[in-house]
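Listed below are the residues making up each chain.
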Amino acid sequence: MTPRSEDELAEIVRGANGPLSIRGGATRHLPGDGEPLTTRGLTGITLYEPGALTLVARAGTPVAEVEAALAGEGQRLPFEPMDHRPLLGTDGEPTIGGAVAMNVSGPRRVQVGACRDALIGVRFVTGEGAVVKNGGRVMKNVTGYDLVKLQAGARGTLGILTEVAFKVLPAAQSQATLRLDGLDADAAMAAMAAALGSPFEVSGAAWTEAGTFLRVEGLEGSVAYRTGKLLEVLAPWGLAETVDDPWADLRDARAVAGPGDVWRVHCRPSQAPALIAAVGAEAAQMDWGGGLVWLRVAAGTDLRAALPAFDGHASRVTGAADTAPQSGSVAALEAGIRARFDPRGLFSPMTETA
């Protein structure tokens, strides 16, 4: 089913007799229960005010269309949404509603926050077929802000998004990336921590076997000055060199793409090297200064059983469908919230990243 309007979508939900499998652009759809229902018919940018740094788009609007409109005015989405197609080998077109439903956030998260931090308004259809609006289209007089944040990362279980509103940022005039070669995960973690703890406004900090990467963005003169200062900060780990922009590949976790199962681990940055060492991964990547770890392991591996105790959680991205275990209190809280928004249990978790 592909509704072309919010009213049509609400009517479909009200008339549903069983579970619905919510989809965006089919870039990360996993087989699941429920009749397929896609938001791809809900497209278009409905409001864009460059002077106010705000943009509103229907949920099925391609991310590429949103980014092109912003680039035309020298602006960008703050949260640098990942494109999962290279990692998952899927096609389709990432949508802006899918990015919100999954709270997709790229390397710039260390500086500007996650997708939910840029989200200022939503419209969605509940499991009872009611249309709900929360937040606003501009930053002034925003209401229902907490509910807006709750929708980001809910994977469609609290309602089907129909429209999303963001605060946006000016695009950087210039950027530079420094790479340190030959560091293991422990040394890389220390170097990234030093760079992020400096006053030089690092907007990306990642590590793969190809090197440790630090990014600086801003006005040209400022970037040149801060890059020079970062070279001094990084001197204990070797001589860093300036390299061409690698951030699309780092954002999309291409370093761990390949046969096997890919897992995504959220942890305290200081714990990341020990987690990597503990599992003997076939490929690994650290992002967010170590707060996000990508690991590729043999197909069928239960990574949670292999990992030592840590502060965070692990979820399987490729391979068999996976549901992360939760404590009784968290599971009860989530069940209560979902019952409020979807009392008939229609919404299967959204398996779209964008």
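Q: Even after reading the chapter, I still don't get the overall build of the protein chain, so can you show me in this structure?
A: Summing up its helical and strand segments, the protein chain has 13 helices and 18 strands in all. Taking 2.2 N^0.38 as the reference for a compact globule, 354 residues should give roughly 20 Å; the C-alpha atoms of the protein chain span a radius of gyration of 21 Å, in line with that estimate. Summarising its shape, the C-alpha atoms of the protein chain cover approximately 65 × 50 × 35 Å along the three principal directions. Across the 354 residues that make up the protein chain, the buried fraction comes to 49%. Put simply, of all contacts in the protein chain between residues at least 6 apart along the chain, 72% involve residues at least 24 apart. As displayed, the protein chain has an accessible area near 15000 Å², and 51% of this comes from carbon and sulfur atoms. Within the protein chain, the 40 negative side-chain charges are centred at a point lying 5 Å from the centre of the 32 positive side-chain charges.

Q: For this particular structure, what's the right way to read the pairing of strand S11 (residues 202-208)?
A: Looking along a regular strand, one sees side chains alternate from face to face of the sheet. Among the seven residues in S11, seven count as buried, and that is most of the element. Sheet topology places S11 next to strand S12 (residues 211-218); six bridges connect them, and they run antiparallel. Bridge pairing in S12 links Gly-204 to Arg-215.

Q: It is not clear to me how the pairing of strand S14 (residues 261-267) should be interpreted in this structure. Could you clarify?
A: With six of its seven residues buried, S14 lies for the most part within the structure. Looking at chain direction, S14 and strand S16 (residues 292-297) are connected through six bridges and run antiparallel. By the bridge assignment for S16, His-266 is matched with Leu-292. As defined by bridge partners, S14 adjoins strand S17 (residues 312-316) across five bridges and the pair is classed as antiparallel. Counted as the bridge partner of Val-265 is Ala-314 from S17.

Q: Is there a simple way to explain the nonpolar core in this structure?
A: Soluble globular proteins tend to pack their nonpolar side chains together in the buried interior. By size, the foremost hydrophobic cluster in this structure holds 35 residues, and its most contacted members are Val-265 and Met-286. The greatest single-element share of this core, amounting to five residues, is contributed by helix H8 (residues 185-196). Residues in contact with Val-265, not counting those within four places in the same chain, are Leu-275, Gly-291, Leu-292, Val-293, Leu-295, Leu-303, Leu-307, Phe-310, His-313 and Ala-314. Grouped together as the second largest cluster of nonpolar side chains are 25 residues, Phe-79, Cys-115, Leu-119 and Val-168 included.

About the cut-offs
Residues numbered from 1 in each chain as written. Predicted model: local features only at pLDDT ≥ 70, side-chain atom pairs only at ≥ 80, totals over all residues. Heavy atoms only, no water. Helix = DSSP H or I, 4+ residues; strand = E, 2+ residues; numbered from the N terminus. Rg over C-alpha atoms; globule rule 2.2 N^0.38 Å. Buried < 20%, exposed > 50% of the residue type's maximum accessible area, 1.4 Å probe, protein only. Contact = heavy atoms within 4.5 Å. Areas by Shrake-Rupley, 256 points an atom, 1.4 Å probe, with all protein chains shown as cover. Lys, Arg positive; Asp, Glu negative; His and termini not counted. Charge placed at Lys NZ, Arg CZ, Asp CG, Glu CD. Pairing = 2+ DSSP bridges. Core = buried A, V, L, I, M, F, W, Y, C linked by side-chain atoms within 4.5 Å.

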